[in-house]
Amino acid sequence: MVQLQQQYPLYLNNKAVQSNADLAVTDKFTGEVAFRVAQADAATIDAAIAGAVRATGPMARLASYERQAVLQHCVDRFRERFDELAYALCVEAGKPIKDSEGEVTRLIDTFRIAAEESVRMTGEVQPLDISPRARGYQGMWKRVPIGPCSFISPFNFPLNLAAHKIAPALAVGCPFVMKPASRTPLGAILMGEVLAETDLPEGAFSILPAHREGADLFTTDDRLKLLSFTGSPAVGWDLKARAGKKKLVLELGGNAAVIIDADADLEDALDRVIFGAFYQSGQSCIGVQRIIVHAQVYERFRDMLVERTRTLKAGDPKDRETFIGPMISEGEASRLDGWIQQAIARGARLLCGGKRQGAMLEATLLENVDRNADAYREEAFGPLAILSRFERFEDALDEVNDSKFGLQAGVFTRDLFKMFDAWDRLEVGGVVINDVPSYRVDNMPYGGVKDSGLGREGVRFAMEDMTEIRNLVIRRR
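Scope of this entry: the structure provided in the associated data block. (Residues numbered from 1 in each chain as written. Predicted model: local features only at pLDDT ≥ 70, side-chain atom pairs only at ≥ 80, totals over all residues. Heavy atoms only, no water.)

**What to know about the nonpolar core**
F78, F111, L170, F176, L195, L200 and M466 are the most contacted members of the largest nonpolar core, which totals 62 residues. Excluding its chain neighbours within four sequence positions, the residues that come into contact with L200 are N14, M59, L62, V70, L170, L195 and F205. (Core = buried A, V, L, I, M, F, W, Y, C linked by side-chain atoms within 4.5 Å. Buried < 20%, exposed > 50% of the residue type's maximum accessible area, 1.4 Å probe, protein only. Contact = heavy atoms within 4.5 Å.)

Following this line, the structure appears as structure tokens:
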């Protein structure tokens, strides 16, 4: 049986510091305090940024094989501590244990990909003699680390979304400071514990739980050259306005849609939609929120979906049979419950679910939802999905695009022409054919358009954002 400690430190310039135990982290199912974590003040954050600045040169001078060795050490240690990492995630996030184990697997994948990519940072030799004035000139370019980075990670994937920032930074040789979500800081702290076992230059990393109100330096300090934030659009765009000259990568929200065409395999689509809508209680920015079904198969698919949804087991996330665990807080569950009631008051039909007890909200399906209702327009970020029907495929594409968000979309179809039409017309960062928009592999480019953010994650693509091109011109005499 895995046992968690009563107190955990923060990490300042590679070292564990138990300066206080100010941050109480609850077991999201029981509501009881599970452990306490040290919390950084402004002076600590300032010291961490200063350390990252000092580490900029030493980190940039690390050889490729040295960066790879650090990342491979993390892979090996995460495998050894698999059960501990999964249990910690289950407790602090309320994530069902099977989903928690899946996230640890992805954490390992992300660091493994980064280890492989760390020795593939290539440049290019470029001929410059494109006109007589450039005769005898030759060019080449390479990528160099951008410098100290600031990372702010969210509560819903405390391990893997932190990994998508940390692992690429290590792969290219960028020092970093990280603020994990205060509701779920332990995953990042355990990663810091593993990193502290390596020979990284002092100041290479700091992991600093902190109150949002006291953490402005993560955003505003000009010593930081890149800010990577994953979280809500309201917070993300505010950070952009205050970030100054630094480069930004924003992974924000979504209300992802999936289209199910008349020729789809409905049993297969059912399995994937159940996963996409309700895995980890719907708390995913690419969770299925809008289900758009062809009129010919709408009633059949709706009835299948309602029947399956009613069988999902809700309860203690530590129980291996649990599919629906608690939302991150009672306040968030109450917010989404209010959206459901608002939609019903405006004429939506409740198909199943809709009941709340504390932070537990039943898996809920609605149809006939007003397009101006919050349940349609905003990001549910919980166990709610809404159904609608379409006659023409073009209308389904338009309905997907009828959103201020544009992260990913799914399309179940066997028609090659419709597949390419969807790829061309959908205003999203990624189109997933014959699966839900919730599908992600950790080496693919991942990110959105419109209010869903700026830039792309996925290890190689994040590495590009964390580097700059440095050109060399040679005059041959």
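That was the structure; now back to the text.
**With respect to the sheet that holds strand β5 (residues 33–37)**
Pairing is mixed in the open sheet, where three strands are placed in the order β1-β5-β4. If you trace the sheet from one side to the other, it starts and ends with β1 (7–8) and β4 (23–26), each paired once. Direction of pairing for β4 relative to β5: antiparallel, over a ladder of four bridges. When the bridges of β5 are listed, A24 appears paired with R36. (Pairing = 2+ DSSP bridges. Helix = DSSP H or I, 4+ residues; strand = E, 2+ residues; numbered from the N terminus.)

**Comments concerning the pattern of salt bridges**
Once their charged atoms are close, side chains differing in charge can pair, the charge on each being opposite to the other. A full pass over the atoms with the stated rule returns 37 salt bridges. Notably, a salt bridge pairs R242 with D216, separated by 3.4 Å at the nearest N-O pair. Of the two residues, R242 is situated in helix α8 (residues 233–242) and D216 in the loop between β10 (205–207) and α7 (217–220); the sequence distance between them amounts to 26 residues. Owing to a relative accessible area of 30%, R242 belongs among the partly exposed residues under this scheme. We classify D216 as partly exposed; its relative accessible area is 38%. One salt-bridge network, in which partners are shared between bridges, spans R302, D303, R349 and E367. (Salt bridge = Lys/Arg side-chain N within 4 Å of Asp/Glu carboxyl O.)

**Quick word on the environment of G325**
Looking at where G325 falls in the secondary structure, it is placed in the loop between α10 (298–309) and α11 (330–345). Between the C-alpha atom of G325 and that of P383, which follows or precedes it by 58 residues, the distance is 9.7 Å. If sequence neighbours within four positions are ignored, G325 has contacts with G94, P96, S281, G315 and M360.

**Here we look at the environment of N14**
Tracing the backbone through its elements, the reader meets N14 in the loop between β2 (10–12) and β3 (15–17). A relative accessible area of 13% places N14 in the buried class. Distance from N14 to L195, taken between C-alpha atoms, is 7.6 Å for residues 181 residues apart in sequence. Dropping the residues within four chain positions of it, N14 is found in contact with A196, L200, P201, E202, G203, A204 and F205. A polar atom in the side chain of N14 sits 3.3 Å from the backbone oxygen of L200. In terms of polar contacts, N14 uses its side chain to reach the backbone amide nitrogen of G203, at 2.9 Å. (Polar contact = N/O pair within 3.5 Å; in protein donor to acceptor, adjacent residues only side chain to side chain.)

**Things to note about helix α2 (residues 64–80)**
Its 17 residues place the ends of α2 25 Å apart at the C-alpha level, agreeing with the 24 Å of an ideal helix rising 1.5 Å per residue. The set of residues buried in α2 consists of R67, V70, L71, C74, V75 and F78. Projection of α2 onto a plane perpendicular to its axis shows the buried side chains occupying an angular sector of 140°, all on one side. Summarising the geometry of α2, the exposed residues directed more than 90 degrees from the buried face are Y65 and E80. (Expected span 1.5 Å × (residues − 1). Arc of directions from axis to C-beta.)

**Quick notes on the side chain of H294**
Positionally, H294 belongs in strand β14 (residues 290–294). Relative accessible area serves as the criterion here: at 8%, H294 is assigned to the buried category. Reaching out from H294, the side chain makes a polar contact with the backbone oxygen of E391 at a distance of 3.2 Å. Excluding anything up to four places from it in sequence, H294 contacts I260, D261, A262, F390 and E391.

**Considering the sheet that holds strand β22 (residues 430–433)**
Pairing in this open sheet of seven strands is mixed, and the strands run β15-β18-β19-β14-β13-β21-β22 from one edge to the other. Pairing within the sheet leaves two strands with one partner each, and these edge strands are β15 (349–352) and β22. The average angle at which neighbouring strand axes cross in this sheet is 25°, direction not considered. Pairing analysis gives three bridges linking β15 to strand β18 (residues 364–367), with the strands arranged antiparallel. By the bridge assignment, L350 is partnered in β18 with L366. Helix α9 (residues 266–278) contacts β13 (257–260), β14, β18, β19 (384–390) and β21 (408–412) of the sheet and is inclined by roughly 170° relative to β13. Set on the sheet, α10 makes contact with β13, β14, β15, β18 and β19; between it and β19 the angle comes to about 170°. (Axes fitted to C-alpha atoms, helices over the stretch in contact; angles between N-to-C directions.)

**Comments concerning the pairing of β5**
The pairing of β1 with β5 spans two bridges and is parallel. Residue pairing across strands places Q7 opposite R36, the latter belonging to β5. Between β4 and β5, which pair antiparallel in sequence order, lie six residues; one of them, G31, sits at a positive phi of approximately 80°.

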